[in-house]
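An overview of the molecular structure
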Amino acid sequence: MTTPVIIDCDPGHDDAIALLLAVASSELDVLAVSTVAGNTTLDKTTRNALTVLELAGRAEIPVAIGAAGPLERELVIAEYVHGESGLDGPVLDEPTTNPVDAPASEFLASIIHASPDPVTLIPTGPLTNIAQLLLDHPDTKENIASITFMGGAAEIGNVTPNAEFNIYVDPEAAEVVSSSGLPLTMIGLEVTHQALFGEREAEALRGRGRAATFVAELLDFFVANHPRTYAAPGAPVHDVVAVAQVIDPALVTTERCGLRIDTSEGLGRGRTVVDRWHVTDWEPQVDVGFGLRRKAFSDLLIERLEMLP
Ligand code: BDR
Ligand code: CA
């Protein structure tokens, strides 16, 4: 049984690797990809998504252009992590394909309505496009199986001490998604900081095909450039964990918790307030990831990347 999925992303090194894992995995049927501004600007995240799909030999997967910035705020990008192109490291070919004509919200709604089976959404960037979809097309909820998003942290953040980047960029969008009533899985920093890829993994992949070598070159930059904050070898391939969790939910251990988003400005902006100990009367509506079967995760990723051209 394959799971129909839509990947909404802002590539970004880890988004690109997540896309490659998704298209290499027969458990998933990637119906569409949509792009959002986040790690870099929308023109670049769109170019990068097209380039990555073409590199994987999957240029037939439609790419829809989404939001150029958050619902209500100024865009904040992460050039300091992903470089000027958003995918610094390998030589980036310009794509020979084009995005679809329709804006992401319209296009995703049509794909969701047309799918015979409920669709799982996997957002790996700021949640702007997904919020827009739910606001513009609330009837799509009937055919959305769940949303597994990379974002948030139950404890400390990475862009501020309180907030993880994707939620910090567009907290209002995260609020729309978290209060949507849909089944949600949050892949936050507690899980993704266990998904470290470094020089050893880059060497395992280099020379094992075009896509695997591309990932090795992405890792060369990502690992060298990643803030040396976590006192650990390698860099967390955050977004890959969200895709891996949909492929094999047993890879991530979760706890069902209540969740609120801090949409204030100032210190708390973008904090995902996770009620792990059920000290409030909030409905526990989100499966929050805490643990990762690291070796199984890393074996899966390397094995699948080596299967690509
Ligand atoms: C998230 O922010 C981005 O830089 C990564 O692509 C990931 O989605 C991690 O905080
Ligand atoms: Ca991302």
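Residues numbered from 1 in each chain as written. Chains lettered and ligands numbered in written order. Predicted model: local features only at pLDDT ≥ 70, side-chain atom pairs only at ≥ 80, totals over all residues. Heavy atoms only, no water.

Quick look at the overall build of the chain now. Scanning the chain for helices and strands turns up twelve helices and eleven strands. Over its C-alpha atoms the chain spans a radius of gyration of 18 Å, differing by no more than 12% from the 19 Å that the globule rule assigns to 309 residues. Across the 309 residues that make up the chain, the buried fraction comes to 59%. Pairs at least 24 residues apart make up 82% of the contacts formed inside the chain by residues separated by at least 6 positions. (Helix = DSSP H or I, 4+ residues; strand = E, 2+ residues; numbered from the N terminus. Rg over C-alpha atoms; globule rule 2.2 N^0.38 Å. Buried < 20%, exposed > 50% of the residue type's maximum accessible area, 1.4 Å probe, protein only. Contact = heavy atoms within 4.5 Å.)

Contacts to ligand 1 come from D14, D15, N39, H82, T124, M150, N158, E164, F165, N166, H238 and D239. D15 is positioned with one of its side-chain polar atoms (N or O) 3.0 Å from an oxygen atom of ligand 1. In the model, an oxygen atom of ligand 1 is placed 3.0 Å from a nitrogen or oxygen of the N166 side chain. Its free accessible area being 280 Å², ligand 1 has 96% of it covered by the protein chains. (Near = heavy atom within 4 Å. Polar contact = N/O pair within 3.5 Å; in protein donor to acceptor, adjacent residues only side chain to side chain. Areas by Shrake-Rupley, 256 points an atom, 1.4 Å probe, with all protein chains shown as cover.)

With that settled, consider the sheet that holds strand β4 (residues 119–123). As summarised here, the arrangement of the nine strands in space is β3-β2-β1-β4-β5-β6-β11-β9-β10, forming an open sheet in which the pairing is mixed. Edge positions in the open sheet fall to β3 (63–65) and β10 (272–275), since each of these has one partner strand only. If you compare each strand with its neighbour and ignore which way they point, the axes differ by 30° on average. Those strands touched by helix α4 (residues 104–114) are β1 (3–9), β2 (28–35), β3, β4 and β5 (144–150), and its axis lies near 165° from that of β2. Across the sheet, helix α7 (residues 171–178) is in contact with β5, β6 (184–187) and β9 (252–261); its angle to β9 comes to roughly 110°. (Pairing = 2+ DSSP bridges. Axes fitted to C-alpha atoms, helices over the stretch in contact; angles between N-to-C directions.)

Packing of helix α1 (residues 13–23) against helix α10 (residues 210–225) leaves a shortest axis separation of 10 Å and a crossing angle of 160°. By the angle class used here, α1 and α10 are roughly antiparallel. Like other packed secondary-structure pairs, α1 and α10 cross with a definite hand, here left-handed. In this structure, α1 uses H13, A16, I17 and L20 to contact α10, whose residues at the interface are A211, F214, V215, L218, L219, F221 and F222. (Parallel < 35°, antiparallel > 145°, perpendicular 65-115°, else oblique. Left-handed = near helix turned anticlockwise from the far one by under 90°.)

Structurally, the position occupied by N39 is in the loop between β2 and α2 (42–55). Residue N39 is classed as buried on the basis of its relative accessible area, which comes to 5%. Of the polar contacts made by the side chain of N39, one reaches the side chain of H82; its length is 3.2 Å. For N39, the contacting residues outside a window of four places in its chain are D10, G12, D15, I77, A78, E79, H82 and F165.

With respect to the secondary-structure elements, D248 resides in the loop between α11 (238–247) and β9. Sequence-wise, D248 and V223 are 25 residues apart; in three dimensions their C-alpha atoms are separated by 26 Å.

Looking now at the pairing of β6. The two faces of the sheet receive side chains in turn, since in a regular strand these alternate between them. Burial along β6 is two-sided: the face carrying L184 and M186 and the face carrying T185 and I187 are both buried. Note that β5 and β6 share four bridges and pair parallel. Following the sheet pairing, I147 is matched in β6 by L184. As defined by bridge partners, β6 adjoins strand β11 (residues 286–292) across three bridges and the pair is classed as parallel. Along β11, the bridge assignment pairs M186 with V288.

Another point: the coordination of the calcium ion (ligand 2). Distances from the calcium ion (ligand 2) to its protein donors, D10 (OD), D15 (OD), D15 (OD), T124 (O) and D239 (OD), fall at 2.2 to 2.5 Å. Sequence positions of the donors to the calcium ion (ligand 2) reduce to the motif D-x4-D-x108-T-x114-D. In this pair, D10 is assigned in the loop between β1 and α1 and D239 in helix α11, connecting sequence segments 229 residues apart. For the pair formed by D10 and D239, the shared burial category is buried. (Donors = N, O, S within 2.8 Å, 3.2 Å for Na, K, Ca; no water.)

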